[in-house]
Amino acid sequence: MGEILALVEARLRSALGEPDARASVTFLGTDRIEVLRFQDSWSGSPDGGSTGDGRSATGQDVVRYVTLGMSAQPMADPSAVLADPVKGPRAELILTVRAGLADTDQVLRPLATLAASPQVEGVVVASGGSLDLGAPLWPGAPFQSVLVGESGGLVPDLELDAPLEPVRFLPLLPMTANEAAWKRVRGAQELQERWLANGTDLRDPLRRSVSLD
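Residues numbered from 1 in each chain as written. Predicted model: local features only at pLDDT ≥ 70, side-chain atom pairs only at ≥ 80, totals over all residues. Heavy atoms only, no water.

Trainee: An account of the overall build of the protein is requested, with residue identities and associated values reported.
Mentor: Helix and strand content of the protein: four helices and seven strands. Traced from its N-terminal end to its C-terminal end, the protein shows the element sequence α-β-β-β-β-α-β-β-β-α-α. The buried share of the protein, reckoned over its 213 residues, is 44%. Carbon and sulfur atoms provide 50% of the accessible area of the protein, an area that totals close to 10200 Å². (Helix = DSSP H or I, 4+ residues; strand = E, 2+ residues; numbered from the N terminus. Buried < 20%, exposed > 50% of the residue type's maximum accessible area, 1.4 Å probe, protein only. Areas by Shrake-Rupley, 256 points an atom, 1.4 Å probe, with all protein chains shown as cover.)

Structure representation (C-alpha cells):
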C-alpha cells in the first residue's frame, strides 16, 4: 500500500508541482485519506468549461485539491461476495476551483469523505457517475454533489505492475441541486453538453445552475 501511494504522490508532484498544504483525515474502519492542495496560475486561452482540467480561462489563479489514499485499495464490485484484495479499479479525486472567491479550503473533509466512500459504502467511483454529500462542499457552497469526469487529462493515469489496474485521477465537477436532478434523468453526457453549450465555468465556486429549460 505504501509503495503505491508513494508512486501516486510522485505522479502528482510531476504533474502539478509541489503541494503547498496537506491534511489528513481518518474515518472509523478505513485507511487514512490525505488531501493535498496545489496552487496554480494559467494565462492561456479558454479550454472549455466541461473539460474538468482546471485551467483558468481568465488567467486567475486556481487551486486544486487532490486526495491521496483512495488508491491504496482497489474498489470492489458491491455485488461481489468477497472483495479481491488486488484486482479492481483504483482512483484518486481532483477538485479544481478558482482561488480566493470562497472558503474552499473547508472542502478537505468532504473530499476525504468522498474518497473513503468505496471503503465505507462499497461503491465504485467511475467517470460519468455522481457522488452526493448531502451537505455543501464548503460553507455557503451551492453544490452538494459532484459529477465524476474523465481521467487522463490533467494528471495521466499511473500504470502499476500486473495484475494491478492503473490509478486513475478523476476530476470532480460540482453540480447544483437542479443539475444533479437533471443528470439523474438525462444522464451525464447531456449535462456536460449543456455546460459546454453555455460556456459554463465549472471552476467558479460561486456559479449558478446552468439553464436547463
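Trainee: Go over helix 2 (residues 108-121), please, and point to the residues and values.
Mentor: Its 14 residues place the ends of helix 2 19 Å apart at the C-alpha level, agreeing with the 20 Å of an ideal helix rising 1.5 Å per residue. Where helix 2 bends most, the angle comes to about 45°, and this point is A115, followed within four residues by the proline P118. Buried within helix 2 are the following residues: P110, L111, A112, L114, A115, A116, S117 and P118. One or two positions beyond helix 2, positive phi appears at G122, with a value near 70°. (Expected span 1.5 Å × (residues − 1). Bend = angle between axes of the 7 residues up to and from the residue.)

Trainee: Residue-level account of unusual backbone geometry, with values.
Mentor: With omega at 10°, the peptide bond leading from A162 into P163 counts as cis. Relative to the assigned elements, P163 resides in the loop between strand 6 (145-148) and strand 7 (167-175).

Trainee: Any chance you could break down helix 1 (residues 2-16) for me, citing the residues and the numbers?
Mentor: Because an α-helix completes one turn every 3.6 residues, residues spaced three or four positions apart along the sequence face the same direction. In a regular helix each residue adds 1.5 Å, so 15 residues correspond to 21 Å; helix 1 covers 21 Å between its end C-alpha atoms and thus fits that length. For helix 1, every residue scored as buried is listed here: I4, L5, V8, E9, L12 and L16. Viewed end-on, helix 1 has its buried residues packed into an arc of 135°, placing them on one side of the element. Opposite its buried face, helix 1 presents the exposed residues E3 and S14, each directed more than 90 degrees away. Two residues or fewer past helix 1, G17 is found with a positive phi of approximately 95°. (Arc of directions from axis to C-beta.)

Trainee: I'd like a rundown of the sheet that holds strand 1 (residues 21-25), residues and numbers included.
Mentor: With mixed pairing, seven strands are arranged side by side in an open sheet as 1-2-3-4-7-6-5. A single partner strand is all that each edge strand has here, and the edge strands are strand 1 and strand 5 (130-132). Going from strand to strand, the sheet's axes swing by 25° on average, the running direction of each strand aside. With five bridges joining them, strand 1 and strand 2 (residues 33-40) adopt antiparallel strand pairing. Bridge pairing links S24 to E34 in strand 2. Relative to strand 2, helix 2 is tilted by about 125°, and along the sheet it contacts strand 1, strand 2, strand 3 (62-68), strand 4 (90-98), strand 5, strand 6 and strand 7. On the sheet, helix 3 (residues 177-186) packs against strand 5, strand 6 and strand 7 and is oriented at approximately 120° with respect to strand 7. (Pairing = 2+ DSSP bridges. Axes fitted to C-alpha atoms, helices over the stretch in contact; angles between N-to-C directions. Contact = heavy atoms within 4.5 Å.)

Trainee: Account for the pattern of salt bridges, naming residues and giving values.
Mentor: Counting across every chain of the model gives twelve salt bridges. With a shortest N-O distance of 2.0 Å, R13 and E18 are connected by a salt bridge. Relative accessible area serves as the criterion here: at 57%, E18 is assigned to the exposed category. For R207, the salt bridge identified is with E179, shortest N-O distance 2.8 Å. With R207 in the segment after helix 4 (188-197) and E179 in helix 3, this residue pair connects regions lying 28 residues apart in the sequence. Taken individually, R207 and E179 each receive the classification buried, so the pair is uniform in this respect. (Salt bridge = Lys/Arg side-chain N within 4 Å of Asp/Glu carboxyl O.)

Trainee: Pulling in residues and values, what's your account of the packing of helix 3 against helix 4?
Mentor: Helix 4 packs onto helix 3 with a crossing angle of 130° between their chain directions and a minimal axis gap of 7 Å. One finds that helix 3 runs oblique with respect to helix 4. Contacts from E179, W182, K183 and R186 of helix 3 reach helix 4 at A188, E190, L191, R194 and W195. Of the residues assigned to the contact of helix 3 with helix 4, the class counts are four nonpolar, no polar and five charged. (Parallel < 35°, antiparallel > 145°, perpendicular 65-115°, else oblique. Nonpolar A, V, L, I, M, F, W, Y, C, P; charged D, E, K, R; others polar.)

Trainee: Give me the lowdown on the packing of aromatic side chains, citing residues and values where you can.
Mentor: The geometry of an aromatic ring pair is captured by the separation of the ring centres together with the interplanar angle, meaning the angle of the planes. With the rule as written, the count across this model stands at one aromatic pair. A ring pair is formed by W138 and F143, whose centres lie 6.0 Å apart and whose planes are at 65°; its orientation type is edge-to-face. Residue classification places W138 among the buried positions, given a relative accessible area of 2%. Residue classification places F143 among the buried positions, given a relative accessible area of 1%. (Phe/Tyr/Trp six-rings, centres within 6.5 Å; stacked < 30°, edge-to-face > 60°.)

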